[in-house]
Amino acid sequence: MPAMLEPYLTELNLIPGDMTTSAGGLLFLLLLTTFAESLAVVGLLVPGIAILIGLTVLAPELGISPWTWWVVGTMGAFLGDSTSFWLGRCAQGRLHHWRFFQKHPDWLAHSHEFFTRYGVWSIAFGRFIGPLRPLVPAVAGASAMPTSSFLLANTLSSPAWAAAYLLPIYWLGERAALHFSHASVVMLVLGGFVLAVLFMLWLKRRRF
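Before going into details, it helps to say that this report is about the structure given with it.

Analysis parameters
Residues numbered from 1 in each chain as written. Predicted model: local features only at pLDDT ≥ 70, side-chain atom pairs only at ≥ 80, totals over all residues. Heavy atoms only, no water. Helix = DSSP H or I, 4+ residues; strand = E, 2+ residues; numbered from the N terminus. Expected span 1.5 Å × (residues − 1). Patch = residues over 30% accessible without salt bridge, like charges linked within 9 Å, V, L, I, M, F, W, Y side chains within 5 Å. Areas by Shrake-Rupley, 256 points an atom, 1.4 Å probe, with all protein chains shown as cover. Salt bridge = Lys/Arg side-chain N within 4 Å of Asp/Glu carboxyl O. Buried < 20%, exposed > 50% of the residue type's maximum accessible area, 1.4 Å probe, protein only. Axes fitted to C-alpha atoms, helices over the stretch in contact; angles between N-to-C directions. Parallel < 35°, antiparallel > 145°, perpendicular 65-115°, else oblique. Left-handed = near helix turned anticlockwise from the far one by under 90°. Contact = heavy atoms within 4.5 Å. Nonpolar A, V, L, I, M, F, W, Y, C, P; charged D, E, K, R; others polar.

**Here's the deal with helix 5 (residues 66-91)**
The end-to-end C-alpha distance of helix 5, which contains 26 residues, comes to 37 Å, matching closely the 38 Å that a straight helix rising 1.5 Å per residue would cover. In the stretch just after helix 5, glutamine 92 is the one whose phi turns positive, near 50°.

Right under this line is the structure:
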């Protein structure tokens, strides 16, 4: 199935074709995507969920275990949030001077309001809310949240996020490969891409 899905994924310019045919390449793409999905500002611009759907459906066919897939996804999410926190800490009171936030000041305002309301819990809760996921850690860093508190919340929520977002799709891909034709699986993957992108666009238009 990977060889058949590859032309569709590369045609969408979402996944480099030469990296979807090996377990190592696919795991690297997973790490990169989950990192970018949680990275300040970048996570708002990259169709991370759509890419994760395509990658995760391919994983069972390449012999990657759900345990390995979950661990690598957890690492990417943890590193992405940690980097965002560090960027916010470096920016401190200058976060609103970033060009992106100058164009979208309400996004920063909503993230700061969310952080103020939930405190350390905002790191865990915000991870499951698309538009907030890449922003709240940066706001927490800029707001001088203790590093120990952030690391605790990040350590606990990263595996929970990876389990909730990746494992159901993994098992769906595993069952689809067993019970559906190749053409049906292709349609499922492409349909997942479209739905994920449309959902992300809807969230961005709502602006939280």
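**Here's the deal with unusual backbone geometry**
Positive phi outside glycine occurs at valine 41, with the angle close to 70°. Among the secondary structure elements, valine 41 is positioned in the loop between helix 2 (23-37) and helix 3 (42-45).

**Points about a nonpolar patch on the surface**
On the surface, Tyr118, Val120, Trp121 and Phe125 cluster together to form a nonpolar patch covering roughly 390 Å² of accessible area. Within the secondary structure layout, tryptophan 121 lies in helix 8 (residues 121-126). When its relative accessible area of 54% is taken as the criterion, tryptophan 121 is described as exposed.

**Topic: the packing of helix 2 against helix 4 (residues 48-58)**
The interhelical angle for the contact between helix 2 and helix 4, taken along N-to-C directions, is 160°, at an axis separation of 10 Å. Between helix 2 and helix 4, the angle falls in the class roughly antiparallel. Handedness of the crossing formed by helix 2 with helix 4: left-handed. Two secondary-structure elements touch here, helix 2 through Leu26, Leu29, Leu30, Thr33, Thr34 and Glu37 and helix 4 through Gly48, Ile49, Ile51, Leu52, Leu55 and Leu58. In terms of residue class, the contact of helix 2 with helix 4 is made up of eight nonpolar, three polar and one charged.

**Side note on the pattern of salt bridges**
Evaluation of the coordinates by the stated rule reveals two salt bridges. Arginine 133 is paired through a salt bridge with glutamate 37; the nearest N and O atoms lie 2.4 Å apart. Residue arginine 133 is located in the loop between helix 8 and helix 9 (136-142), and its partner glutamate 37 is located in helix 2; the two are separated by 96 residues in the primary sequence. Both residues of the pair, arginine 133 and glutamate 37, count as buried. Between aspartate 81 and arginine 127 there is a salt bridge, with the nearest N and O atoms lying 2.8 Å from each other.

None of the figures reported here should be taken as evidence of function without further support.
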